[in-house]
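Overview (structure and organization)
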Amino acid sequence: AACTGGFYMNAKPYVVGVGAVNVDVMGRSKRPLVSEDSNPGQIKISIGGATHNASENACRLGLPVNFITATGDDYFGTLIRTACESAGLSTEHFFAFPGQISSTYMSIHEPDGEMNIAISDMNVLQSLSPAHLKQKGELLENAAAITFDTGLPQETIDYLLQTYCSKTAVFADPVSTTYAEKLVGRLEGIHTLKPNLLEAEVLSGVKIRTFGDLQEAADRIIGRVFISLGKNGVYYRDHSGTAKHRQPRPLDQIANATGAGDAFLGGLLYAYLHDLNIDETLTAAMTVSTLAILSEQTINPQMSESLLKETILQNI
């Protein structure tokens, strides 16, 4: 209940996430995989999806968050709702589509953790149409920020951008090079973009080989852009020409890097709603990302505003 936006509707600004939530099923073999056979190992199930992960991180940081997504009316749909609610993330604005399978990502890994093969079934998200978003018009219109991922149908992305970019701060996660294509030529009005290097190439049309290329690519991407450079940190540029390259602090060990980018976006939302300047924003978002990396789970169950502040103070 802590993150249910309805309670804060008029009293406090809130965030709306629009996009993917999925069940991640991960199998890890005890011995080198043998094709066409049953391999003894360990299977883990968790809840993922770019917008879900960013929304839950923002929620755990104390922001009121509403989440609009699509599930099937199946067992995994129930599992998703239960997991979201136990984390304090409202499911009030979920659309459950009868007869459809909830988004599922199934991966098979070697004993060392390297992925061998995966199957992704995200088809249900394609049912989330502009008509569904129109039903949530008041919720979206009054949001302090909207975040979405490009797994959404093209017409839904276009509707979201055309309707809300002029009314609120829209944050976009390109997710992958294939999905990033959906934003090409549509960047104007987007408040904040969080691509990685390959996605930045797609959005800008610039092949990034040098630091100069990186600067040119960021310059061509309209609005605020935070380009993830992996272990080399983050490059930031905005419409005023302000540019910064922030290196991450070295870590002794990495438990799980899977949710780092989504956590970073959750940190950006936190910084925006708290009106932090760009240096404070980078510090907050990179710290949230680091806290995600230090957890074996995609979303650090210890994530909180107090942990964020405490970690920042420890590293000043």
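I will try to describe carefully the structure that is included in this document. Here the structure is a predicted model, which means the values were calculated and not measured.

To continue, consider the environment of Ala 83. Following the sequence through the fold, Ala 83 ends up in helix 3 (residues 75-86). Residue Ala 83 is classed as partly exposed on the basis of its relative accessible area, which comes to 24%. For the pair Ala 83 and Ile 47, spaced 36 residues apart in sequence, the C-alpha to C-alpha distance is 7.3 Å.

This part covers the sheet that holds strand 9 (residues 169-173). Each strand in a sheet pairs with another by means of backbone hydrogen bonds, the pair being arranged parallel or else antiparallel. Spatially, 5-4-1-8-9-10-11-12-13 is the arrangement adopted by the 9 strands of the open sheet, whose pairing is mixed. At either end of the open sheet lies a strand with only one pairing partner, and these are strand 5 (94-97) and strand 13 (243-246). Bridge analysis of strand 1 (residues 15-18) against strand 4 (residues 65-72) gives 4 bridges, and the strand direction is parallel. Note that in strand 4 the partner of Val 15 across the bridge is Val 65. Helix-sheet contacts for helix 2 (residues 50-60) involve strand 1, strand 4, strand 8 (145-149) and strand 9, and the interaxial angle to strand 4 is about 150°. Together, strand 1, strand 8, strand 9, strand 10 (192-193), strand 11 (224-228) and strand 12 (234-237) form the strand contacts of helix 10 (residues 260-273), whose direction differs from that of strand 9 by roughly 170°.

Turning next to the packing of helix 10 against helix 11 (residues 278-293). Packed helix pairs are specified by the crossing angle of their axes together with the interaxial distance, meaning the distance between the axes. Relative to each other, helix 10 and helix 11 sit at 145°, their axes nearing to 7 Å. For helix 10 against helix 11, the interelement crossing comes out right-handed. Contact residues: Ala 260, Ala 263, Phe 264, Gly 267, Leu 268 and Ala 271 in helix 10; Thr 281, Ala 285, Met 286, Val 288, Ser 289, Ala 292 and Ile 293 in helix 11. A breakdown of the residues in the contact of helix 10 with helix 11 according to their chemical character gives 10 nonpolar, 3 polar and no charged.

This part takes up the sheet that holds strand 3 (residues 41-48). Strand order across the open sheet formed by 4 strands is 3-2-6-7, with mixed pairing between neighbours. Each edge of the open sheet carries a strand with a single partner, namely strand 3 and strand 7 (115-121). When strand polarity is set aside, the average angle formed by the axes of neighbouring strands in this sheet is 15°. In this structure, strand 2 (residues 22-29) lies alongside strand 3, joined through 8 bridges in antiparallel fashion. Its bridge partner being in strand 3, Gly 27 is matched across the sheet by Ile 43. Helix-sheet contacts for helix 3 involve strand 2, strand 3 and strand 6 (104-109), and the interaxial angle to strand 2 is about 100°.

Residues Val 18, Phe 148 and Leu 183 are the most contacted members of the largest nonpolar core, which totals 43 residues. Per-element tally for this core: the top contributor is helix 6 (residues 154-164), with 5 residues. Ignoring sequence-local partners within four residues, the contact set of Val 18 consists of Thr 51, Ile 68, Leu 128, Leu 133, Leu 140, Ile 146, Thr 147, Phe 148, Asp 149 and Leu 152. The next biggest cluster of nonpolar side chains, apart from the first, holds 38 residues, and it includes Ile 47, Phe 67, Leu 89 and Val 288.

Okay, the packing of helix 2 against helix 10 next. Axis separation between helix 2 and helix 10 bottoms out at 8 Å; the angle between their running directions is 50°. In terms of axis orientation, helix 2 runs oblique to helix 10. When you trace helix 2 past helix 10, the crossing you get is right-handed. For the pair formed by helix 2 and helix 10, the contact residues are Ala 50, Asn 53, Ala 54, Asn 57 and Ala 58 on the first element and Asp 262, Ala 263, Leu 265, Gly 266 and Leu 269 on the second. Class assignment of the residues belonging to the contact of helix 2 with helix 10 gives a composition of 6 nonpolar, 3 polar and 1 charged.

Excluding glycine, residues mostly have negative phi values, and the peptide bonds linking residues are mostly trans. Positioned with a positive phi, Glu 36 is a non-glycine residue whose angle comes to about 55°. With respect to the helices, strands and loops of the structure, Glu 36 is situated in the loop between strand 2 and strand 3. Not every positive phi belongs to a glycine, and Asp 275 is a case in point at roughly 55°. Mapped onto the fold, Asp 275 is located in the loop between helix 10 and helix 11.

Inspection of every chain in the model, using the stated rule, returns 10 salt bridges. In this structure, the salt-bridge partner of Asp 219 is Arg 237, at a minimum N-O distance of 2.9 Å. Note that Asp 219 is positioned in helix 9 (residues 211-220) and Arg 237 in strand 12, a separation of 18 residues in sequence. A salt bridge links Glu 305 to Lys 309; the shortest N-O distance between them is 3.6 Å. With Glu 305 and Lys 309 both in helix 12 (residues 305-314), this residue pair falls 4 residues apart, about one helical turn. On the accessibility criterion, Glu 305 (27% relative accessible area) is partly exposed.

The rules behind the values
Just so you know, the residues in each chain are numbered from 1, in the order the chain's sequence is written. Since the coordinates come from a predicted model, pLDDT governs what is reported: local features require at least 70, and pairs of side-chain atoms require 80 or more to be given and counted, while whole-chain, interface and lining totals use all residues. Just so you know, side-chain values use all the structure's heavy atoms and leave hydrogens and water out. Numbering of helices and strands runs from the N terminus; a helix is a DSSP stretch of H or I covering at least four residues, while a strand is a stretch of E covering at least two. A simple rule labels every residue: compare its accessible area, found with a 1.4 Å probe on the protein chains alone, to the largest value its type can have, and call it buried under 20%, exposed over 50%, or partly exposed in between. DSSP calls a pair of strands paired once it identifies at least 2 bridges connecting them. Should any heavy atoms of two residues lie within 4.5 Å, those residues are counted as being in contact. Axis lines are fitted to C-alpha atoms, over the contacting stretch for helices. Their N-to-C directions set the angle, which ranges from 0 to 180 degrees. The handedness criterion is simple: a crossing whose near helix is rotated anticlockwise from the far helix by less than a right angle is left-handed, and one whose near helix is rotated clockwise is right-handed. Amino acids outside the nonpolar list (Ala, Val, Leu, Ile, Met, Phe, Trp, Tyr, Cys, Pro) and the charged list (Asp, Glu, Lys, Arg) are all regarded as polar, and Gly is one of them. Nonpolar cores were defined as sets of buried Ala, Val, Leu, Ile, Met, Phe, Trp, Tyr and Cys residues, with membership established by side-chain atoms within 4.5 Å. Angles below 35 degrees are treated as roughly parallel, those above 145 as roughly antiparallel, those between 65 and 115 as roughly perpendicular, and all remaining angles as oblique. For this document, the term salt bridge refers to a Lys or Arg side-chain nitrogen within 4 Å of an Asp or Glu carboxyl oxygen.

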